[in-house]
Amino acid sequence: MREKVTAPSIRARKGGPKIAMVTAYDYPGAVIADRAGIDIILIGDSAANVVHGMATTLEIGMEEILTHVRAVKRADPRALVVADMPWLSFHISVEDAVVNAGRLVREGGAEAVKLEGGRKRLAVINAILDAEIPVMGHVGLTPQSVHAMGGFKVQGKVVQAAREMIEDAKALSEAGCFSVVLEGIPDVVGELITKDVDAPTIGIGAGPATDGQVLVFHDVLGLGSGEYPKFVRPYADLADQAVAALERFRADISSGAFPSDDEVYHLSDEVTAELLKGLESR
Ligand code: KIV
């Protein structure tokens, strides 16, 4: 029996064995991730895109995220369960942010929360940490800032922006975030941040130097449209396999090959004879 992964145990992994994180949004996804020995399951707001078919993560709210968190928690994973704080759940006031983080823990069963943003989110992060909720930071290409960034663009490509990002990541680590996600940044910036901050970094499109890597469940399993960003490596082609399986199912229905005799419930000969007799005499 492997030990439960916790926020402090992830924090202690800095410079140690690389951390494997994947998103999951439901019970079977969490069971699969946990069977694979994944360290952290993130109920990402990427559910907006890959589960709900929304164009951006700005469209998903607390209630949908909570439903996904509860479904994941029912799998009782060994992995640490981290819930993403959706857009506007931590932007309105510090109090509101603590209430929303608390809901993800109390009503969903999350063991930590993740929120996007650097130094300007420090007040919120400190208050959530004060409420004894572990926080995972997230800097770089933060999808909730899509309009402010002018699109989904690699961040930190100029010296000043890279320096700002390093300061952001350092501040999150010093505030007490147990890890920091680095998304969509040049590899050298990922490496500099990883060297510079005490908290483990978990990269997605941030190069190989980070303390761990994360990918979206549907991307890593090839469950998406087939078009993936450069940093995605699909380790399976489950969407194609699912289509092929359902095509065979449909063909077997048409031909009558499904269901076979083994796949139906039978009455005993005695009861069948009795039933038919009753029908014949009507
Ligand atoms: O929502 C999400 O899936 C994420 C990961 C990309 C880190 O935030």
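Residue indices begin from 1 for each chain and proceed along its sequence in written order. Thresholds applied to this predicted model are a pLDDT of at least 70 for local features of residues and 80 or more for the giving and counting of side-chain atom pairs; totals over whole chains, interfaces and linings are not thresholded and use all residues. Heavy atoms from the whole structure form the basis of all side-chain values; hydrogens and water molecules are not counted.

Some words on helix H9 (residues 187–196)
Exposure categories follow from relative accessible area, calculated using a 1.4 Å probe and restricted to protein chains: below 20% of the type maximum is buried, above 50% is exposed, and the middle band is partly exposed. Starting at the N terminus, helices and strands are each numbered in turn, a helix being any DSSP run of H or I of at least four residues and a strand any DSSP run of E of at least two. Looking only at H9, the buried set comprises Val189, Gly190, Ile193 and Thr194. What you see down the axis of H9 is that its buried residues fit within an arc of 135°, all on one side. Throughout, a residue-residue contact means that at least one pair of heavy atoms, one from each residue, lies within 4.5 Å. In this structure, the buried residues of H9 make contact with helix H8 (159–175), strand S6 (179–183) and strand S7 (201–204). The directions considered for the arc are those from the helix axis to the C-beta atoms.

Notes on the site of the ligand
Whether a residue is near a molecule or strand depends on its heavy atoms: if one lies within 4 Å, it is near. Inspection of the region around the ligand gives Thr23, Leu42, Gly44, Asp45, Ser46, Asp84, Lys114, His138, Val181, Glu183, Ile204 and Val216 as its neighbouring residues. As used in this structure description, the phrase polar contact means that two N or O atoms lie within 3.5 Å; if the pair is within protein, one of them must be able to donate a hydrogen and the other to accept it, and residues adjacent in sequence are counted only when both atoms belong to side chains. Contact distances for the ligand include 3.1 Å between an oxygen atom and a side-chain N or O atom of aspartate 84. Between lysine 114 and the ligand, the recorded distance is 3.0 Å, taken from a side-chain N or O atom to an oxygen atom. For the ligand, whose unbound accessible area comes to 260 Å², protein coverage reaches 95%. We call Asp, Glu, Lys and Arg charged. Ala, Val, Leu, Ile, Met, Phe, Trp, Tyr, Cys and Pro are nonpolar, and the rest, Gly among them, are polar. Tallied by class, residues from the shell around the ligand come to four nonpolar, four polar and four charged. Surface accessibility in these figures is a Shrake-Rupley result with a 1.4 Å probe; residues are shielded only by whichever protein chains are displayed.

Notes on the pattern of salt bridges
Salt bridges are defined as contacts in which a side-chain nitrogen from Lys or Arg sits within 4 Å of a carboxyl oxygen from Asp or Glu. Applying the stated criterion across every chain yields a total of 14 salt bridges. Linking lysine 73 and glutamate 111 is a salt bridge whose minimum nitrogen-to-oxygen distance equals 2.8 Å. With lysine 73 in helix H4 (residues 62–73) and glutamate 111 in the loop between helix H5 (94–106) and strand S4 (112–114), this pair connects stretches of sequence that are 38 residues apart. Residue class for lysine 73 comes out partly exposed when judged on its relative accessible area of 27%. Judged by relative accessible area, which is 21%, glutamate 111 ranks as partly exposed. Two residues, aspartate 84 and lysine 114, come together in a salt bridge whose shortest N-O distance is 2.8 Å. Of the two residues, aspartate 84 sits in strand S3 (residues 80–84) while lysine 114 sits in strand S4, which places them 30 residues apart along the sequence. For the pair shown, aspartate 84 and lysine 114 are each scored as buried.

Brief notes about the domain arrangement of the protein
These domain boundaries are the output of an automatic or database domain assignment. Segmenting the protein into domains produces domain 1 (7–236) and domain 2 (241–280). Of note, the centres of domain 1 and domain 2, computed from C-alpha atoms alone, are 47 Å apart.

A word on the sheet that holds S4
Through backbone hydrogen bonds, the strands of a sheet pair up, either in parallel or in antiparallel fashion. Two strands pair if DSSP finds at least two bridges between them. An order of S1-S2-S3-S4-S5-S6-S7-S8 is seen for the eight strands of this closed barrel, with the pairing classed as parallel. The mean angle between the axes of side-by-side strands here comes to 25°, regardless of whether they run parallel or antiparallel. Pairing between strand S2 (residues 40–43) and S3: four bridges, direction parallel. Bridging from a neighbouring strand, isoleucine 40 pairs with leucine 80 of S3. Axis definition: a line fit to C-alpha positions, over the contact stretch in the case of helices; interaxial angles, taken between N-to-C directions, run 0 to 180 degrees.

Some words on a negative patch on the surface
Two distance rules govern patches: like charges are joined within 9 Å, and nonpolar side chains (Val, Leu, Ile, Met, Phe, Trp, Tyr) within 5 Å, applied only to residues with over 30% relative accessible area and no salt bridge. The convention is simple: Lys and Arg are positive, Asp and Glu are negative, and His and the chain ends are not counted. In this description, the location of a charge corresponds to atom NZ of lysine, CZ of arginine, CG of aspartate or CD of glutamate. On the surface, Asp252, Asp261, Asp262 and Glu263 cluster together to form a negatively charged patch. Looking at the secondary structure, you find aspartate 262 in the loop between helix H11 (238–255) and helix H12 (269–280). Aspartate 262 sits in the exposed class, given a relative accessible area of 75%.

Description of the packing of H5 against helix H6 (residues 122–130)
Between two packed helices, both the angle of their axes relative to each other and the distance between the axes serve to describe the pair. The N-to-C vectors of H5 and H6 enclose an angle of 45°; their axes lie 9 Å apart at closest approach. By the angle between their axes, H5 is oblique relative to H6. Crossing of H5 over H6 shows right-handed handedness. Residues Val94, Ala97, Val98 and Ala101 of H5 touch H6, and the partners they reach there are Ala123, Val124, Ala127 and Ile128. Considered class by class, the residues forming the contact of H5 with H6 number eight nonpolar, no polar and no charged. Angular relationships are summarised with four words: roughly parallel below 35 degrees, roughly antiparallel beyond 145, roughly perpendicular across 65 to 115, and oblique for the angles in between. In a left-handed crossing the near helix is turned counterclockwise from the far helix by less than a right angle, and in a right-handed crossing that turn is clockwise.

Looking at the packing of aromatic side chains
Whether two aromatic rings pair depends on their centres lying within 6.5 Å, for rings of Phe, Tyr and Trp, where Trp uses its six-membered ring; planes under 30 degrees apart make the pair stacked, over 60 edge-to-face, and the rest tilted. Across all of its chains, the model carries one aromatic pair by this definition. Ring centres of phenylalanine 249 and phenylalanine 258 lie 5.5 Å apart, and the angle between their planes is 70°; this geometry places the pair in the edge-to-face category. With a relative accessible area of 40%, phenylalanine 249 lands in the partly exposed category.

Digging into the pairing of S2
Residues of S2 alternate between two faces, with Ile40 and Leu42 on one and Ile41 and Ile43 on the opposite face, all of them buried. Pairing of strand S1 (residues 19–23) with S2, which is carried by three bridges, proceeds in the parallel orientation. Its bridge partner lying in S2, valine 22 is registered against isoleucine 41. Think of it like this: strands point away, you trace from the first strand over the helix to the second, and a clockwise trace means the crossover is right-handed. Once the chain exits S1 it traverses helix H2 (residues 27–35) before rejoining the sheet at S2, and the crossover so formed is right-handed.

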